[in-house]
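# Residue-level structure breakdown
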Amino acid sequence: MTTTTPARGRRRAPSRMERAAGRAAAFQKPRVILALLLLLALTSVMLLDGYLRSEIGNDARVRDGAAYDKVPGDILDGGPILTFDHGTAKTRSVPDRTIVLTFDDGPTATWTPQVLKVLEENDVDATFFMVGSMISRYPSVVKSLVQQGNEVGIHTFTHVDLSYQSATRLQRELKQTQLALAGAAGVTTTLFRAPYSSEIDAVDNYSWPVYQEIGNLGYTSVFVDTDSDDWKKPGVSKIVRWATPKKNKGAIVLMHDAGGDRSQTITALGTYIKKMKAKGYTFTTVSGAQAMLDRNQTAVGRQSGSVGAGVGAGAGAGAGAGGDGAAQAAQHQAVGATLYEGRALVYAVAVAEWVVPALSWVLLVVGVAVMGRFGMMLVLARRHHRQRNRRRGKGARGGGRFSWGPTVTRPVSVIVPAYNEKECIANTLRSLAKSTHPIEIIVVDDGSDDNTSEIAESLGMPNVRVVRQENAGKPAALNNGVRNARYDIVVMMDGDTVFEPDAVHQLVQPFADPEIGAVAGNAKVGNRTTLIGAWQHIEYVMGFNLDRRMYDLLRCMPTIPGAIGAFRRDAVLGVGGMSEDTLAEDTDITIAMHRAGWRVVYQEHARAWTEAPGSLRQLWSQRYRWSYGTMQALWKHRKSLTDKGPSGRFGRVGMPLVVLFQIVTPVFAPLIDVFTVYSMIFVDFRAALLAWLAVLAVQLVCAAYAFRLDREKYRYLAMLPLQQLAYRQMMYLVLIHSCVTALTGGRLRWQKLKRTGEVGTPAGAGR
């Protein structure tokens, strides 16, 4: 029997979704690019943060005990200030009764300001040899330090032993620190102190070429005369004693404003300054000490001119930037590209400093949510299975097994929407012909141009009616089928789906309960012999069906699958039928049923076999539509959050769970993988691998239990590790792509997947 729905005029006006199709197609490529740019930005921020924290590119080697026979003797016996004049090395010592306080390894937000406070209270300036990564993290501290009149020097960017590094790495360490200084305080400097250095007589054959290279770049290398060893935390009195030079000599004194608890240093500093002033000592900076030597020797004027190639392009020649003249003579005003690149570096670090900790907290929340979801699914799925499959005592109704009520035997209508389903429609109808339940079959041909309706009619099945309509989309086809249905229960399926003989009978039994308005069946992947099919098979069994068991018990089932679902006809008409407002009409109608007060349940024994996408491109297209359509449906029904009654119950229970488990958690779940990969490469490979394997083990337990409940063979679980490495990442990207589309206001058209018709009967589905 064939029915044709008349057209309204010669040409049908395009639907709202069709009108949006052209616009959507034009926007898809930019959105993919935007999604990839977001991923790239996240990766860049993590790499920058790791570099700042010495997780990336870190070289912890420190050279000790090397020979020094290639170092000139006059250098080893010289003073702590090393300069190179036209390639000739020379050293200078601090004048007698003069102290140059120097602080290494900072700045920090905790200890450096306390050091500055003590210096200011005692009217003393000091020289701070700072690590570039710390400068970029605490730029305000550096700016205050310079404004107070103190002097800054370079202590490399990542605090590495330069004697192990290449010339390229050396220059990069210097340039990056100069940029950090420029961005933080608007200055550059010609002072340098190598990490792990001490007195000048410790220079060896490996470090000497480094100092020569640095000197040729225009830097002055600064060593120490007296080391307070405050990093050992020996006590205030020992710090003061060890920092005191002998025989009233001048000295460059080393202390630290970073690297751990510096409370002893802060206490000792004030005591030390007062003690040395009482002995008649003068405090100055490295540049101040050199100016004193210059005045005493009356040999050379104040240092001026270009900073040198290694100091950073764009550095000006003006001395004393940010303070008083000779005390900051090694500093120069940063201008041009150096200044702007430095500011960009500081801003980028500020972003990384905020983003990475925030993402770490998000990662923690996501991790807890994921593990909580696994636990909830296991507990509720087990309860659901025991409840629906338990046996009652003797004399119980229904032969001792759980029952929904009196057996439903009345005929039902099966609606098969079809658009260009020539490969599958025959198998679909033949499977329905074997149904153990009385049915009528309504094939709604949605404007197919591949003889779908002719194939359906050629089968000669007496209980099959073919209804033709102009192409209007799946929701319109389903609504047409509902209007043409003769019975009060309608079963909806896809044109590529194959039902088991008792699927319809099992599916309609819950309607014995008058509170139930819709039933979700158990959709299974038929073409699971391929790799992509096997991955989707795991997903269907583990994700969809475990989820539905959980949502069933919580009475907030979000989606009745399009492949197999049943409804009360009056309930469907009562909520306005299948809506064209979203691309996930199955989710839309399910939520509408909840809001109307109907109960929606899951019937695990009603099984249907569907053809999953056979290529990654088709899979992306399908899941992209599903994800975007789910977001549309949730947004459409957002008012349920404030409603009362059944609608409010779904809004305050089901809606948050769906948003958390199907949108928020999957969107941020890639953080787990990104951080895991990052940790494997840059932090601790073994620990990260063990953590990943632990999570995989939890997922394997959940998957195995899901397979046990559905009586599936466990051999497909061998694909689970590879699924986690490849398939899951693709699903995350699809969801992120969908979120970008939703946030940018895009619309999608209905997307028809290419079918092969390889899913014939359940026995041939490769179970």
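Residues numbered from 1 in each chain as written. Predicted model: local features only at pLDDT ≥ 70, side-chain atom pairs only at ≥ 80, totals over all residues. Heavy atoms only, no water.

### Focus: the overall build of the protein
In plain terms, the rule: The secondary structure listing takes helices from DSSP runs of H or I that are at least 4 residues long and strands from runs of E that are at least 2 residues long, numbered from the N terminus. Think of it in three bands: residues with accessible area under 20% of the maximum for their type are buried, residues over 50% are exposed, and the middle band is partly exposed, with areas taken using a 1.4 Å probe on protein chains only. Two residues qualify as a contact provided that any one of their heavy atoms is within 4.5 Å of a heavy atom in the partner residue. For every accessible area listed, the method is Shrake-Rupley and the probe measures 1.4 Å; residues are considered covered only by the protein chains on display.
Regarding its fold elements, the protein presents 23 helices and 22 strands. Split into buried and exposed, the 767 residues of the protein put 55% on the buried side. At a minimum sequence separation of 6, the contacts of the protein that also span at least 24 residues come to 80%. With the model as given, the accessible surface of the protein reaches about 32,800 Å², and the carbon-plus-sulfur share is 56%.

### Digging into the pairing of strand β6 (residues 151-154)
Defined as follows: The pairing criterion is simple: DSSP has to find at least two bridges between the two strands.
Residues Glu-151 and Gly-153 point to one face of β6 and Val-152 and Ile-154 to the other, with burial holding for every one of them. Of the pairings in the sheet, the one linking strand β5 (residues 127-130) to β6 comprises 4 bridges and is parallel in character. Across the sheet, residue Thr-127 finds its bridge partner in β6, namely Glu-151.

### Section: the packing of aromatic side chains
Note the threshold: Note on aromatic contacts: the rings of Phe and Tyr and the six-membered ring of Trp form a pair at centre separations within 6.5 Å, being stacked when their planes are under 30 degrees apart, edge-to-face when over 60 apart, and tilted otherwise. Only when the NZ of Lys or the CZ of Arg is both within 6 Å of the ring centre and within 35 degrees of the ring normal is a charge said to sit over the ring.
Applying the stated criterion to the full structure yields 4 aromatic pairs. Look at Phe-103 and Phe-128: their rings are 5.0 Å apart centre to centre, the planes differ by 20°, and that puts the pair in the stacked class. Separated by 25 residues along the polypeptide, Phe-103 in strand β4 (residues 98-104) and Phe-128 in strand β5 bring together distant segments of the chain. According to the relative accessible area criterion, Phe-103 is buried, its value standing at 0%. Exposure remark for Phe-128: the relative accessible area of 0% places this residue in the buried category. Aromatic side chains Tyr-211 and Phe-223 sit 5.0 Å apart centroid to centroid with 55° between the ring planes, which places their arrangement in the tilted category. Of this pair, Tyr-211 sits in helix α7 (residues 208-216) while Phe-223 sits in the loop between β9 (220-222) and β10 (226-227); the two residues are 12 residues apart in sequence, bridging distant segments of the chain. Residue Phe-223 is classed as buried on the basis of its relative accessible area, which comes to 2%. Here Arg-63 stacks its cationic end above the ring of Tyr-206, 3.8 Å away from the centre of that ring. The ring of Tyr-716 carries Arg-528 above its face, with NZ or CZ at 5.6 Å from the centroid.

### A short note on the environment of Thr-630
Structurally, Thr-630 is set in helix α19 (residues 616-636). Residue contacts for Thr-630: discarding those within four places in its chain leaves Ala-584, Thr-587 and Gln-662.

### A few points about the side chain of Thr-83
For Thr-83, the location among the structural elements is in strand β2 (residues 81-85). Judged by relative accessible area, which is 13%, Thr-83 ranks as buried. Beyond its immediate chain neighbours, meaning those up to four positions away, Thr-83 contacts Thr-88, Ala-89, Lys-90, Thr-220 and Gln-290.

### Describing the packing of helix α11 (residues 336-389) against helix α22 (residues 685-709)
To keep it simple, the criterion reads: Axis geometry follows a simple rule: fit a line to the C-alpha atoms, using only the stretch in contact for helices, then measure angles between N-to-C directions, giving values from 0 to 180 degrees. We call two directions roughly parallel when the angle between them is under 35 degrees, roughly antiparallel when it is over 145, roughly perpendicular when it lies between 65 and 115, and oblique otherwise. When the near helix sits turned anticlockwise from the far one by under a right angle, the crossing is termed left-handed; a clockwise turn instead gives a right-handed crossing.
As a packed pair, α11 and α22 sit with axes 11 Å apart at the nearest point and diverge in direction by 20°. One way to sum up the angle between α11 and α22 is to call them roughly parallel. When the axes of α11 and α22 are compared, the crossing they make is left-handed. Here Met-371, Phe-374, Leu-378, Ala-381, Arg-382 and His-385 of α11 lie close against α22, whose contacting residues are Val-698, Gln-699, Cys-702, Tyr-705 and Leu-709.

### Brief notes about the confidence of the model for the protein
The cut-off we apply is this: Each residue carries a pLDDT score, the predictor's confidence in it, ranging from 0 to 100.
Taken over all residues, the pLDDT of the protein has a mean of 84, while the share at 70 or more is 86%. Per-residue pLDDT stays below 50 along residues 6-27; that stretch engages in 23 contacts with residues further than four places along the chain or on separate chains. The low-confidence segment residues 761-767 (pLDDT under 50) makes 21 contacts with residues lying over four places distant or belonging to another chain.

### Concerning the packing of helix α16 (residues 531-554) against helix α20 (residues 645-668)
If you want to describe how two helices pack, look at the angle between their axes and the distance between the axes. Condition: Put simply, Ala, Val, Leu, Ile, Met, Phe, Trp, Tyr, Cys and Pro go in the nonpolar bin, Asp, Glu, Lys and Arg in the charged bin, and everything else, Gly too, in the polar bin.
The geometry of α16 relative to α20 is characterised by a closest axis approach of 11 Å and an angle of 160° between their N-to-C directions. Classed by the angle they form, the pair α16 and α20 counts as roughly antiparallel. Seen from above, α16 lies across α20 with right-handed handedness. Only Arg-649, Leu-657, Val-658, Phe-661 and Gln-662 of α20 make contact with α16, whose side of the interface consists of Met-550, Tyr-551 and Leu-554. For the contact of α16 with α20, the per-class residue count stands at 6 nonpolar, 1 polar and 1 charged.

### Section: the pattern of salt bridges
The cut-off we apply is this: Any Lys or Arg side-chain nitrogen found within 4 Å of a carboxyl oxygen on Asp or Glu counts as a salt bridge.
This model, assessed by the stated rule, comprises 23 salt bridges. A salt bridge links Asp-513 to Arg-599, with the nearest nitrogen and oxygen atoms 3.8 Å apart. Taken together, the residues Asp-513 in the loop between α15 (503-508) and β20 (516-525) and Arg-599 in strand β22 (residues 599-610) connect sequence positions 86 residues apart. With a relative accessible area of 17%, Arg-599 lands in the buried category. Connected through shared salt-bridge partners, Lys-524, Arg-528, Arg-549, Glu-604, Asp-710 and Glu-712 make up one network.

### Notes on a negative patch on the surface
Our working rule: Patch members must show over 30% relative accessible area and no salt bridge, and they are joined within 9 Å when carrying like charges or within 5 Å when they are nonpolar side chains of Val, Leu, Ile, Met, Phe, Trp or Tyr. Neither His nor the chain ends contribute to the count of charged residues, in which Lys and Arg are positive and Asp and Glu negative. We put the charge of a Lys on NZ, of an Arg on CZ, of an Asp on CG and of a Glu on CD.
Taken together, the side chains of Asp-74, Asp-77, Glu-199, Asp-201 and Asp-225 present a region of like negative charge at the surface. Within the secondary structure layout, Glu-199 lies in the loop between β8 (191-192) and α7. On the basis of relative accessibility, which here comes to 31%, the residue Glu-199 falls in the partly exposed class.

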